[in-house]
Amino acid sequence: MANPYDKAHELAKELKESEEFTKLRDLHNEVNGDEVAKRMLDNFRQVQMELQQKQMQGEQITEEEIQSAQQQFELVQQHEVISKLMEEEQRMSQLVGELNKIITEPLEGLYGVDQEQEG
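What you are looking at is a predicted structure, and each value in this text was computed from that prediction instead of being measured.

## Some remarks on the overall build of the protein chain
From N to C terminus, the protein chain includes six helices and zero strands. Along the protein chain, helices and strands appear, N-terminal first, in the series α-α-α-α-α-α. Taken over C-alpha atoms, the radius of gyration comes to 19 Å for the protein chain, far larger than the 14 Å a tight globule of 119 residues would show. When the backbone C-alpha atoms are referred to their principal axes, the protein chain occupies close to 50 × 35 × 25 Å. Relative to its 119 residues, the protein chain shows a buried fraction of 19%. Long-range contacts, defined here as pairs at least 24 residues apart, represent 68% of the contacts in the protein chain between residues at least 6 apart. Accessible area of the protein chain: about 9600 Å², with a carbon and sulfur share of 51%.

## A look at the nonpolar core
The biggest cluster of nonpolar side chains holds 14 residues, and the ones touching the most others in it are V31, L41, F44, V76, I82, L85 and M86. Looking at this core, the elements that each hand over two or more residues are α2 (19-32), α3 (35-56) and α5 (80-110). Ranked by residue count, the leading element in this core is α5, at six residues.

## So, the packing of helix α4 (residues 63-78) against α5
Viewed as axis vectors pointing N to C, α4 and α5 meet at an angle of 105 degrees, and their least axial separation amounts to 5 Å. Accordingly, the angle class assigned to the pair α4 and α5 is roughly perpendicular. Here α4 contributes F73, V76, Q77 and Q78 to the contact with α5, which in turn contributes E80, I82, S83 and M86. Class assignment of the residues belonging to the contact of α4 with α5 gives a composition of four nonpolar, three polar and one charged.

## Focus: the environment of I61
In this structure, I61 sits in the loop between α3 and α4. Residue classification places I61 among the buried residues on the basis of a relative accessible area of 17%. Sequence separation between I61 and R91 is 30 residues; the distance between their C-alpha atoms is 28 Å. Residues in contact with I61, not counting those within four places in the same chain, are L51, K54, Q55 and I66.

Parameters at a glance
Residues numbered from 1 in each chain as written. Predicted model: local features only at pLDDT ≥ 70, side-chain atom pairs only at ≥ 80, totals over all residues. Heavy atoms only, no water. Helix = DSSP H or I, 4+ residues; strand = E, 2+ residues; numbered from the N terminus. Rg over C-alpha atoms; globule rule 2.2 N^0.38 Å. Buried < 20%, exposed > 50% of the residue type's maximum accessible area, 1.4 Å probe, protein only. Contact = heavy atoms within 4.5 Å. Areas by Shrake-Rupley, 256 points an atom, 1.4 Å probe, with all protein chains shown as cover. Core = buried A, V, L, I, M, F, W, Y, C linked by side-chain atoms within 4.5 Å. Axes fitted to C-alpha atoms, helices over the stretch in contact; angles between N-to-C directions. Parallel < 35°, antiparallel > 145°, perpendicular 65-115°, else oblique. Nonpolar A, V, L, I, M, F, W, Y, C, P; charged D, E, K, R; others polar.

Below, the structure is given as structure tokens:
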């Protein structure tokens, strides 16, 4: 019988060698090597985190904060490398989500969470 931990480590190794991960790593390194791009991205992520924390604490987010976050987003989207990095992050997130869905399939079946009940 296969050891799930061995398979998980095997999957992690495959993921690390995947084209998606390689592109993500290269873009991440490129952004970190550009002081201006890194600062822009760090500022954007800080704003994102602050807004998420406020939401999680049940605090109201002001219109001014929303506009500021939108401006930060538009600014980082204009930077070609940051924009590519964010696209690759989205692709990697989607891939990991799809893998997670496959991995949790047996549990969904066990607990009766299937397509028929959702519809």
